[in-house]
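Spelled out from the first residue to the last, the chains are:
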There are 2 protein chains.
Amino acid sequence: MPKVAIVGHGQTKFSNEDSKIESVLLRATKNLFDSTSNLSQKDIDSVLVSTNNNSKYLSAILSEMAGIQPKIAHSIESLCNSGTNSIVSAYSYIASGLAEVVLVSGGERYDSPGQILEWDNLRGEFKHPIFWASIFSKSYKQKYSVTDEDLAFVSVKNHSHSKNNPFAFSQKDISIEDVLNSKKLTDDLRILDCSRPCTGGSSILIASEKMCKNFTDHPIWITGIGQKTTSASFTKNQTFDNMESTRQATKNAFQMSKKSQKDIDVMELHDAFSVCEPMALDSMGFTKQGEGIKLVKESYLTENSKINPRGGLLGTGHPLGATGISQTIEIVQQLQSKAGKRQVDKANVGLIHNMSAAATSSTVLVLEN
Amino acid sequence: MPKVAIVGHGQTKFSNEDSKIESVLLRATKNLFDSTSNLSQKDIDSVLVSTNNNSKYLSAILSEMAGIQPKIAHSIESLCNSGTNSIVSAYSYIASGLAEVVLVSGGERYDSPGQILEWDNLRGEFKHPIFWASIFSKSYKQKYSVTDEDLAFVSVKNHSHSKNNPFAFSQKDISIEDVLNSKKLTDDLRILDCSRPCTGGSSILIASEKMCKNFTDHPIWITGIGQKTTSASFTKNQTFDNMESTRQATKNAFQMSKKSQKDIDVMELHDAFSVCEPMALDSMGFTKQGEGIKLVKESYLTENSKINPRGGLLGTGHPLGATGISQTIEIVQQLQSKAGKRQVDKANVGLIHNMSAAATSSTVLVLEN
């Protein structure tokens, strides 16, 4: 299997600004160019755009604005894991020999149409993700004796991380009381348990082994890829307290990378809602079913948090098409020892978990030094 | 390079029906299952949807409706060449080893948002494709002494082919007079010079060399792939009488397949408007610049037409996300000698040309027995 590496990246600050999607994608891409040595537009032979935005032909538009004339150019959409789907496509274009250097740019506006699950008619009027998140929270709490305070802890931890991330939406600490006293959206969900839809962009540069040395002396290798879509409809899930697509994607990513849970030094998990972080830890096999919250707390107390050092979706914000790419950039920075105040000790193997729509689809990536 | 083959296909009739996009995709996919021996849902490890429709998560929705639980699942959009972009992605997933069997399903409704070029602000109010097509027609006619009658011939020929294609929108012959007397949209374009936006779906099954024998005893191999995006904006084109992205994509596809113009026995060209067919023939090097129309006429007169035997976009209709896939299915049927009344003699090597937005982006594929 040919080796494929991540060799550059750029992001915008996640915010509630009313920017055009084209501008968001271009700014993230300009930041990538500004921070990647020796990169010229002519080096890039593919441009993939990750977004839920309704605008068409965005890869060609971004290419023209950035002065690139790519071979391969299209947009990719799979709701909230569009970003990692695009990274996997970039990997496959390079591994298959069709491309040498791929720019993946993800972007979203705060008012993304991907936030409402129009397609799932079984939900009746309950098409906003807070409804599945609420059912997940109720199930998980009841089955495993987890409390509202326990779940609030996830949000507290991730906000404490995001204040060290200059691109994050939230730049301040919050307390357990802040979460518990925040606006109640349903019986089991408060607004500070929810990641915030926002405007943001993330671009990443992926290259073949042959090309990567032109751009960096510290490439980060994509060694594990796992993906699974079990359904589109929430109610097709047989249980509401674990993530089957995440379990299968993790298994496949570990199989490909010949790694296991014990090898992972740092990870970005898809905490769209606070309950998702412990559930993902359970489903990925880092903890026994129902014990994820223990690992969340241990991770926070050590001051060397290996779980969502970027601030997760809860602290950083969730611009859908950009999220999986920003998660991946965090792991790249951690493995390169360039994560600043967020740096985790001895980070050599990292993992990304990115999912869509009540974990009906999941992507897991393993990256290595 | 691992070998990748097309092993099955299914289509809906192209029409003006008011179907939901999910239904269009499912019907094309059901037809694929019905006509592909031994195919079970479990065989499929990737589902790619090609569309300009604004609905999200369509690959997961189609998968659930069709009973598939894929690894890879997302939608791909690049306006009118979304279909061939998706086929190339399927190729790369298989050639890279990430997948063995990929279902690509393209679909569109007659009211697709991909028909209006909202993004190209340089066009002012002239955002409908008929404006670029009109400028192309004027330029091509003036520079190469081509007449309205010459261009009308393209539409007459392709309508004469589509009446032998049960999936085509148009099922009847038209005359040169019909074209010239049809509604005048601009000085240089009549309505019968234009392909018709319509509702339609096309699904295709692509497999690794190892897996393909499970589904067919006559796989068709994808041996050449060329893609190029030169810009997004029409006015960035330096000339209006040839297609630079098509020229480059053709060169790359021939290079990869080690074939040349003389080897091509049958081809589907992207005749979104009548002028596009001779311009594509010129730009692809089948004719000297300005002489494409001669080849169109010769091809018609021989009664063994190697150019757009399916009926092209002019006769078959143009449901954007399905078009590139339907073009590819036609070449598969031709190479398998299963094209019925449309069958071309001795078809062993075929070519597909699919493009977007005034040929600012092009894909060229070479298929072989």
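Residues numbered from 1 in each chain as written. Chains lettered and ligands numbered in written order. Predicted model: local features only at pLDDT ≥ 70, side-chain atom pairs only at ≥ 80, totals over all residues. Heavy atoms only, no water.

Engineer: What am I meant to see in the packing of aromatic side chains here?
Structural biologist: Two measures describe an aromatic ring pair: the distance that separates the ring centres and the angle between the ring planes. Per the counting criterion, the structure on display carries eight aromatic pairs over all chains. Both rings, one in Phe153(B) and one in Tyr300(B), keep their centres 5.2 Å apart while their planes meet at 85 degrees; by these two values the pair is edge-to-face. Of the two residues, Phe153(B) sits in helix α5 (residues 148-162) while Tyr300(B) sits in helix α10 (residues 292-301), which places them 147 residues apart along the sequence. On the basis of relative accessible area, Tyr300(B) is assigned to the partly exposed category, the value being 27%. A network of ring pairs unites the aromatic residues Trp132(A), Phe136(A) and Phe273(A) as a single cluster. Over the aromatic face of Phe153(A) sits the side chain of Lys297(A), whose NZ or CZ is 5.6 Å from the ring centroid. (Phe/Tyr/Trp six-rings, centres within 6.5 Å; stacked < 30°, edge-to-face > 60°. Helix = DSSP H or I, 4+ residues; strand = E, 2+ residues; numbered from the N terminus. Buried < 20%, exposed > 50% of the residue type's maximum accessible area, 1.4 Å probe, protein only. Lys NZ or Arg CZ within 6 Å of the ring centre and 35° of its normal.)

Engineer: Mind showing me how you'd approach the interface of chain A and chain B here?
Structural biologist: How big an interface is tends to be reported as the loss of accessible area on association of its parts. Each partner contributes residues to the interface: chain A has 49 residues there, and chain B has 49 residues. Between chain A and chain B, a total of about 4,000 Å² is buried, with carbon and sulfur atoms accounting for 53% of that surface. When the buried surface of chain A facing chain B is broken down by residue, Lys56(A), Tyr57(A) and Glu64(A) rank first, second and third, together holding 20% of it. At the boundary of chain A and chain B, one finds zero salt bridges. Taken together, the links from chain A to chain B amount to 27 residue pairs in polar contact (both at pLDDT 80 or more). Looking at the side of chain A that touches chain B, the elements that each hand over two or more residues are α2 (58-66), β3 (72-77), α3 (82-95), β8 (220-229) and α8 (244-257) of chain A. It is α3(A) that provides the largest number of residues to the side of chain A that touches chain B, a total of seven residues. Across the side of chain A that touches chain B, the residue classes tally to 21 nonpolar, 22 polar and six charged. When β3(A) meets strand β3 (residues 72-77) of chain B, the two strands line up antiparallel, connected through three bridges. Its bridge partner being in β3(B), Ile76(A) is matched across the sheet by Ile76(B). (Contact = heavy atoms within 4.5 Å. Buried area = accessible area lost by both parts, 1.4 Å probe. Salt bridge = Lys/Arg side-chain N within 4 Å of Asp/Glu carboxyl O. Polar contact = N/O pair within 3.5 Å; in protein donor to acceptor, adjacent residues only side chain to side chain. Nonpolar A, V, L, I, M, F, W, Y, C, P; charged D, E, K, R; others polar. Pairing = 2+ DSSP bridges.)

Engineer: I tried to follow the nonpolar core on my own but got confused; where do I start?
Structural biologist: Generally speaking, nonpolar side chains in soluble globular proteins are found buried as a group. Of all hydrophobic cores here, the largest spans 75 residues; its most connected members are Ile44(A), Leu205(A), Trp132(B), Phe273(B) and Leu351(B). Sequence-distant contacts of Leu351(B), that is, excluding residues within four places in its chain, are made with Phe254(B), Ile264(B), Val266(B), Met267(B), Glu268(B), Leu269(B), Met284(B), Phe286(B), Ile331(B), Val364(B) and Leu365(B). Among the nonpolar cores identified, the runner-up in size contains 69 residues, and Leu117(A), Trp119(A), Val364(A) and Leu25(B) belong to it. (Core = buried A, V, L, I, M, F, W, Y, C linked by side-chain atoms within 4.5 Å.)

Engineer: What is the right way to read α2(A) from this model?
Structural biologist: One turn of the α-helix equals 3.6 residues, which is why residues spaced by three or four share an orientation. Residue and element names in this part refer to chain A. Burial analysis of α2 places eight of its nine residues in the buried class, the great majority of the element. Taken as a whole, α2 has its buried residues at Leu58, Ser59, Ala60, Ile61, Leu62, Ser63, Glu64 and Ala66. Positive phi shows up at Gly67, right after α2, with a value of about 75 degrees.

Engineer: Please explain empty space enclosed by the protein as it appears in this structure.
Structural biologist: It is a probe the size of a water molecule, rolled over the atoms, that shows where empty space is left. All chains considered together, the criterion is met by three cavities of 30 Å³ or more. Empty space within the largest cavity amounts to approximately 170 Å³. Around the largest cavity, the lining is made up of 17 residues, and of these Asn53(A), Lys56(A), Glu77(A), Lys56(B) and Glu77(B) lie nearest the centre. Looking at the lining of the largest cavity, the elements with two or more residues in it are β3 of chain A together with β3 of chain B. Here the residues of the lining of the largest cavity sort into two nonpolar, 11 polar and four charged. Its boundaries defined by the atoms lining it, the second largest cavity holds a volume of some 40 Å³. As for the second largest cavity, its lining consists of Ser137(A), Asp148(A), Leu151(A), Ala152(A), Asp188(A), Leu189(A), Arg190(A), Asp193(A) and Ser274(A). Taken together, the elements giving at least two residues each to the lining of the second largest cavity come down to α5 (148-162) and β6 (189-190) of chain A. At three residues, the largest contribution of residues to the lining of the second largest cavity is made by α5(A). Along the lines of polarity and charge, the residues of the lining of the second largest cavity split into three nonpolar, two polar and four charged. (1 Å grid on protein atoms, 1.4 Å probe; cavity = no way out; pocket = protein on both sides within 12 Å on 5 of 7 lines; lining within 4 Å. Points joined across faces, edges and corners; volume = space filled by probe spheres on them.)

Engineer: Sorry, what's going on with helix α3 (residues 82-95) of chain B here?
Structural biologist: Residues and elements named next belong to chain B. With 14 residues, α3 ought to run about 20 Å at 1.5 Å a step, and its terminal C-alpha atoms sit 20 Å apart, in line with that. Of all 14 residues that make up α3, 14 are buried, and the element is covered over most of its length. Gly97, located one to two residues past α3, shows a positive phi value of around 90 degrees. (Expected span 1.5 Å × (residues − 1).)

Engineer: Can you help me understand the pairing of strand β2 (residues 46-50) of chain B in this one?
Structural biologist: Put simply, side chains in a regular strand alternate between the two faces of the sheet. Residue and element names in this part refer to chain B. With five of five residues buried, β2 lies mostly within the body of the structure. Judged by which residues are buried, β2 turns out to be covered on both faces: Ser46, Leu48 and Ser50 on one side and Val47 and Val49 on the other are all buried. Regarding the hand of the β-α-β motif, the stretch spanning β2, helix α2 (residues 58-66) and β3 is right-handed. Two elements, β2 and strand β4 (residues 101-108), share five bridges in a ladder whose sense is parallel. Bridge pairing in β4 links Leu48 to Val104. (Right-handed = clockwise from strand over helix to strand, strands pointing away.)

Engineer: I would appreciate a short explanation of unusual backbone geometry in the present structure.
Structural biologist: Only a minority of non-glycine residues have a phi that is not negative, and only a minority of peptide bonds are not trans. All names here are of chain B. Phi at Tyr57 takes a positive value of approximately 60 degrees, unusual for a residue other than glycine. You can call Tyr57 buried: its relative accessible area is 1%. A positive phi angle, close to 55 degrees, is found at Ala359, a residue other than glycine.

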